[in-house]
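Overview (structure and organization)
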Amino acid sequence: MLSARYQGRIVRVKVEAYREEDAVSIGSVAAILDQRGHRFQSHQNLNVGDMVRLPDDKRAIERWEEDEDEDEEKE
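What counts and what doesn't
Starting from 1, residues in each chain are numbered consecutively following that chain's sequence as written. For this predicted model, a pLDDT threshold of at least 70 governs which residues receive local features, and a threshold of 80 or more governs which side-chain atom pairs are given and counted, while totals over whole chains, interfaces and linings are taken from all residues. Hydrogens and water molecules were not included; the side-chain quantities draw on all heavy atoms of the structure. Only DSSP runs of H or I reaching four residues or more are called helices, and only runs of E reaching two or more are called strands; each is numbered from the N terminus. Each residue is assigned to one of three classes by its accessible area relative to the maximum for its type, calculated with a 1.4 Å probe on protein chains only: buried under 20%, partly exposed between the two thresholds, exposed over 50%. Salt bridges, as used here, are contacts in which a Lys or Arg side-chain nitrogen is within 4 Å of a carboxyl oxygen on Asp or Glu. Note on contacts: a residue pair qualifies if any of its non-hydrogen atoms lie within 4.5 Å across the two residues.

**Notes on unusual backbone geometry**
Its identity as a non-glycine residue notwithstanding, Gln-7 has a phi of 50 degrees, on the positive side. Following the sequence through the fold, Gln-7 ends up in the loop between strand E1 (2-6) and strand E2 (9-19). Even without being glycine, Ala-23 reaches a positive phi, approximately 55 degrees. With respect to the element layout, Ala-23 can be found in the loop between E2 and strand E3 (24-33). Taking the relative accessible area as the measure of exposure, Ala-23 reaches 26% and is therefore partly exposed.

Written out as structure tokens, the structure reads:
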């Protein structure tokens, strides 16, 4: 599962193939979320279930909420 940003939303992509020569992951949209984690079935012309190509340089890094709890426990 990879994440990317698309027009202000977080898009999670279930990767089904990877093309090394293009550095592109190919997969279906598993979820579309806003910054607060609310889910949507579509955004603009993108829908859950659509097949998309996600170049490596367009990936987003997300921090798990569990990590924040672990950091607080260490302090």
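Okay, back to it.
**Points about the pattern of salt bridges**
Applying the stated rule across the entire model yields four salt bridges. In this structure, Arg-19 engages Asp-22 in a salt bridge whose closest nitrogen and oxygen atoms are separated by 2.6 Å. Residue Asp-22 is classed as partly exposed on the basis of its relative accessible area, which comes to 34%. Where Arg-53 meets Asp-22, a salt bridge forms, and the shortest distance between an N and an O atom there is 3.9 Å. Of the two residues, Arg-53 sits in strand E7 (residues 51-55) while Asp-22 sits in the loop between E2 and E3, which places them 31 residues apart along the sequence. Overall, Arg-53 belongs to the exposed group, its relative accessible area being 52%. Each of Arg-19, Glu-21, Asp-22 and Arg-53 takes part in one network of salt bridges that share partners.

**A short note on the environment of Ile-32**
By secondary structure assignment, the location of Ile-32 is in strand E3. Note on Ile-32: relative accessible area 0%, which makes it buried. Sequence separation between Ile-32 and Arg-12 is 20 residues, and the spatial gap between their C-alpha atoms is 6.5 Å. In this view, Ile-32 contacts Arg-9, Ile-10, His-38, Arg-39, Phe-40, Gln-41, Ser-42, His-43, Leu-46, Asn-47 and Val-48; residues no more than four positions away in its chain are not counted.

**Notes on the environment of Ser-28**
Mapped onto the elements, Ser-28 comes out in strand E3. Ser-28 sits in the buried class, given a relative accessible area of 14%. A C-alpha to C-alpha distance of 5.3 Å links Ser-28 and Asp-50, two positions 22 residues apart in sequence. Beyond its immediate sequence surroundings of up to four residues, Ser-28 is in contact with Arg-12, Val-13, Lys-14, Glu-16, Gly-49, Asp-50 and Met-51.

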